Amino acid sequence: MKLLPKNKKALIKAAMGQIESDLLIKNIQLVNVITGEIYPANVYVHEGFIAHVEEGELKEETPLAKKIIDGKGSYLIPAFIDTHVHIESSMMTPRNFAKAIIPKGTTTIVTDPHEIANVFGVRGFRYMYDSSENLPMRQLLDIPSCVPSLPGLENNGATITAKEVEELAPLPRVIGLAEVMDYIGVINGDDRMLDIIDVAEKHGLYLQGHAPYLSGRGLSAYLCGGPNTCHESTTPGEALEKLRKGMFVDARNSSIARNVKEIWEGVKEVKFFDHFSFCTDDREADDILNDGHINDVVRYGIEQGMDPVTAIKSGTLNSARESHIENLGAIAPGYAADMIILDDLKTLIPKQVFFGGTLVAENDQLLVDIPDKAYPLEQENSVHIGDLKEEDFLIKVATKEKEVEVNILSYPLLDQPITTLESEILPVVDGHLSLAGRSDLQFVAVVNRYEDHSNIGLGIVKNFGSHCGALASTVSHDSHNLTIVYENPKDALLAALELKKSHGGMSAVKDGEVLHTLALPLAGLMSLKGAEELAIDSAKMKEANRALGLTIKNPLLRIVTLALPVIPDVKMSDLGLVDVLEKKLIPILKEK
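Below, the structure is looked at part by part. Predicted model only: the values in this text are computed from it and were never measured.

## A few points about the nonpolar core
Reasoning step 1: Ile116, Ile143, Leu177 and Met506 are the most contacted members of the largest nonpolar core, which has 103 residues in total.
Reasoning step 2: Contact partners of Met506, with chain neighbours within four places excluded, come to Met91, Ala472, Ser473, Val475, Leu499, His516, Thr517, Leu518, Met541, Leu556, Leu557 and Val560.
Reasoning step 3: Counting residues in hydrophobic clusters, the runner-up holds 51 residues, among them Val43, Trp264, Phe278 and Ile312.

## Looking at the packing of aromatic side chains
Reasoning step 1: The final tally for this structure, using the stated rule, is eight aromatic pairs.
Reasoning step 2: Where Trp264 meets Phe276, the ring centres are 6.1 Å apart and the plane angle is 65°; that geometry is what we call edge-to-face. With Trp264 in helix 10 (residues 260-267) and Phe276 in strand 13 (residues 276-279), this residue pair connects regions lying 12 residues apart in the sequence.
Reasoning step 3: Accessibility expressed as a relative area gives 0% for Phe276, which makes it buried.
Reasoning step 4: Measuring from ring centre to ring centre gives 6.4 Å for Phe273 and Phe276, while their planes differ by 80°; the resulting arrangement is edge-to-face. The residues Phe273 and Phe276 share a single accessibility class, namely buried.
Reasoning step 5: Members of the aromatic cluster, connected to one another through ring pairs, are Trp264, Phe273, Phe276 and Phe278.

## Observations concerning the environment of Glu326
Reasoning step 1: Structurally, Glu326 can be placed in the loop between helix 14 (317-322) and strand 14 (339-342).
Reasoning step 2: Each C-alpha atom, one on Glu326 and one on Met541, is 42 Å from the other, the two residues being 215 residues apart in sequence.
Reasoning step 3: When residues no more than four places from it in sequence are discounted, the contact partners of Glu326 are Met1, Lys2 and Tyr335.

## Examining the pattern of salt bridges
Pairs may arise between side chains of opposite charge once their charged atoms sit close together.
Reasoning step 1: Enumeration over the complete set of coordinates arrives at 30 salt bridges.
Reasoning step 2: A salt bridge links Glu232 to Arg252, with the nearest nitrogen and oxygen atoms 3.1 Å apart. Linking Glu232 in the loop between strand 11 (229-230) and helix 9 (236-244) with Arg252 in strand 12 (residues 248-252), this pair joins segments that are 20 residues apart in sequence. Pair check on accessibility: Glu232 and Arg252 agree, each one buried.
Reasoning step 3: Measuring nitrogen to oxygen at the nearest pair gives 3.5 Å for the salt bridge that ties Glu498 to Lys501. Here Glu498 and its partner Lys501 are both found in helix 15 (residues 489-502), three residues apart, which amounts to about one turn of the helix.
Reasoning step 4: We classify Lys501 as exposed; its relative accessible area is 62%.
Reasoning step 5: Several salt bridges share partner residues, and in doing so they unite Glu422, Glu424, Arg438, Asp440 and Lys462 into one network.

## Details of the environment of Pro521
Reasoning step 1: For Pro521, the location among the structural elements is in the loop between strand 26 (513-519) and helix 16 (531-547).
Reasoning step 2: The class for Pro521 is partly exposed, based on a relative accessible area of 27%.
Reasoning step 3: Considered as a pair, Pro521 and Ser502 are 19 residues apart in the sequence and their alpha carbons are 6.5 Å apart.

## Some words on the packing of helix 9 against helix 10
Reasoning step 1: At a closest axis distance of 7 Å, the pairing of helix 9 and helix 10 adopts a crossing angle of 55°. Here helix 9 lies oblique to helix 10, going by the angle between them. The way helix 9 lies across helix 10 gives a crossing that is right-handed. Packed against helix 9, whose contacting residues are Pro236, Ala239, Leu240 and Leu243, the element helix 10 presents Glu262, Ile263, Glu265, Gly266 and Val267 at the interface.

Rules of the game
- Residues numbered from 1 in each chain as written.
- Predicted model: local features only at pLDDT ≥ 70, side-chain atom pairs only at ≥ 80, totals over all residues.
- Heavy atoms only, no water.
- Core = buried A, V, L, I, M, F, W, Y, C linked by side-chain atoms within 4.5 Å.
- Buried < 20%, exposed > 50% of the residue type's maximum accessible area, 1.4 Å probe, protein only.
- Contact = heavy atoms within 4.5 Å.
- Phe/Tyr/Trp six-rings, centres within 6.5 Å; stacked < 30°, edge-to-face > 60°.
- Helix = DSSP H or I, 4+ residues; strand = E, 2+ residues; numbered from the N terminus.
- Salt bridge = Lys/Arg side-chain N within 4 Å of Asp/Glu carboxyl O.
- Axes fitted to C-alpha atoms, helices over the stretch in contact; angles between N-to-C directions.
- Parallel < 35°, antiparallel > 145°, perpendicular 65-115°, else oblique.
- Left-handed = near helix turned anticlockwise from the far one by under 90°.

See the structure below:
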């Protein structure tokens, strides 16, 4: 993909000094992410593109520019690019998301709308596309590749096949195929995944990967299949192997997982970092407002020992190249004029943010108007739950035994989404499993919320973090069914009914009382509130989570990956316990 000027002849004339440029930013220290240098320069911009970069002191007594900004010796860097983000995980609409991140210096994102696509399919994708038109930033879209994530092991609200990829690929802001999560399908040569990949490649889309813990011949096979990026590396050795094999490694610091430190530890001794980038993946409104966006991830990389210019390059030029965008992410003639003026290359706090040569934010304040617009999908209810009863949340066991051995999923680490398979011997009381006296165990239910299904998958989770009440969420990657972690059926039912009433969101219940409900009526994933108002609501939800025992730094998104059957080793779905690697369901009772 190449960003094209409106009038190439005019841009050439501006470069030659034959006509006035629209803008001159003079007296700055240019951070050149192509050469790694920092030097005094003056930058001319015309019709949204860099026309000329003049090194040293400005030679023209009367510069040929309609507007002149004196940088007063500050640094000028390219604006930031997020290589992989789900806008839905911010719980904001695309327009409100733009309002939040532009002042932080992000002017381009590559977004994967597979969250809303799992709810509404192509209609959801087109909503994200249409509602992100004509913004003072660039929201580029990848087409979801795995909707549902694992067919036959979960039921969601829609399906995207090669046919839908063919339909969506020609849209102008579509640039790639989103994270190919079914890496096992690619390795095994499954027709479903290879057909989707073939269509994407035919249309010239780049292929975004998703390969947690994949290594050796499996990783090689996956790369041969086409996807060549990954934002799921969590260990030093994993990141190094992927980098050595030519994969683009996206170091992620999200609201769920922070992996930059471990990834940098693995790759810091290599000589070249052209395949190293940064992404946020899933970042909430309050984290964006309080900490930042990509500038915060790059800042953290610098804190871990990265050279500041290398880190900035990893959040700009490397990101553009990974996404196959030729002339973005650097300050050089012919490149899009997305830039940031700042005083410190370590804190990375923007003073001024430019998009296409237009000043769009200054001192953390948005300067351009992003009008609110209404779309029909924002008013459509997607939570279709039938009549539930308390007994629906009991795990019934047809046995005369007083205790049975049960398969459960367990969190080995409190701050990671990985879950493993364990077994526990549990008592049977009145024909159903009992967790009496076990504060480390909770029941989990995945209630299908779509019109064509009424499944309820039941299981037990160990070391989830909560120890009482019920926590429910329709934000539940990737099917986004209603997931509930609970101590007793009464609280579970109350939490479910609360979200049915609010058309989705998150709810915490304790001792028969609703502590708080975060309403997310748009696809059961997003609020129509702006970042500031949503952050306040989210903070109340986090406090309610903590009241149930979740003491991790960010308890809000703990539940969302419980039903994500593309992250090893076992997960829950509306069909029950899922063996991720073997792609099969696991019975609740351990076979003798």
